[in-house]
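Residue strings, one per chain:
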Amino acid sequence: MNTNIASYVDHTILKPQATTEDVRKLCEEAKKYSFASVCINPKHVSFAYDILKDTTVQVCTVIGFPLGANTSEIKALEAKKAVEDGAGEVDMVIDIGAAKEHDYARVKEDVAAVRAAAKSPTILKVIIETCLLTDEEKVEVCKVCKEAGADFVKTSTGFSTGGATVEDVALMYKTVAPEVKVKASGGIRNKEDADAMIKAGASRLGTSAGIKIVEG
């Protein structure tokens, strides 16, 4: 078992049908393997926090997920509530429509609103949904996420038309490192995938296949 790779993994269950028992199992697995975090929907945060509060595993949740089309006010409120419930990390989805319109000021404002609501030391990861953006748009969005105070930029929700690619991770890393880190998420199913993403610059991996990855 490669315990080193476990420290990269956000052990994830975001499917809408996830039950409390599914989340309990996820948390117990995260404890056993010393994953970086569990990534769960907001309604489960306080439950997961009670299980993980005396461990090194962080509780991570998603904001404006999976479309990013909520108003900034609602995203900020959602983030504030998540932190109050025990989330140490929040993964928000950008205003993708604004990015497609090249209204990067709007994208920045949206991220900044969540940053203000989820103050440091809460880790803010910003999902840019790379499969819907051109390379130029990815670069510009990553730049404004960095300016708005993101700790990470993240490739994907896993709920759109594609997931993480090595090329996207490398492009994002080149754009924002070392001040901002990169999280690869979506379609990472085995150790080969995980190793390739880390080699390209990913510091975190969002995956539901964490156990399979660590056990090789």
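Look above for the structure.
To start, this report covers the structure provided alongside it. (Residues numbered from 1 in each chain as written. Predicted model: local features only at pLDDT ≥ 70, side-chain atom pairs only at ≥ 80, totals over all residues. Heavy atoms only, no water.)

Side note on unusual backbone geometry
Here the bond from F65 into P66 is cis, since omega is 0°, no more than 30 degrees from zero. The topology assignment puts P66 in the loop between β3 (58-63) and α4 (72-85). Cis rather than trans, the peptide bond between A177 and P178 has omega equal to 0°. Positive phi outside glycine occurs at S34, with the angle close to 55°. Looking at the element boundaries, S34 is found in the loop between α2 (20-33) and β2 (37-40). For E129, which is not a glycine, the phi torsion comes out positive at approximately 55°. With respect to the element layout, E129 can be found in the loop between β5 (123-127) and α7 (135-147). (Helix = DSSP H or I, 4+ residues; strand = E, 2+ residues; numbered from the N terminus.)

Remarks on the sheet that holds β3
Read around the closed barrel, eight strands run β1-β2-β3-β4-β5-β6-β7-β8, paired in parallel fashion. Strand after strand, the sheet turns through a mean of 25° between neighbouring axes, direction not considered. As defined by bridge partners, strand β6 (residues 152-154) adjoins strand β7 (residues 181-185) across three bridges and the pair is classed as parallel. Its bridge partner being in β7, V153 is matched across the sheet by V182. Against the sheet, α2 contacts β1 (9-13) and β2, and its axis sits at roughly 165° relative to β1. In the packing of helix α3 (residues 45-52) onto the sheet, contacts are made with β2 and β3, and the angle to β3 comes to roughly 170°. (Pairing = 2+ DSSP bridges. Axes fitted to C-alpha atoms, helices over the stretch in contact; angles between N-to-C directions. Contact = heavy atoms within 4.5 Å.)

Function cannot be read off these values alone, since they describe shape.
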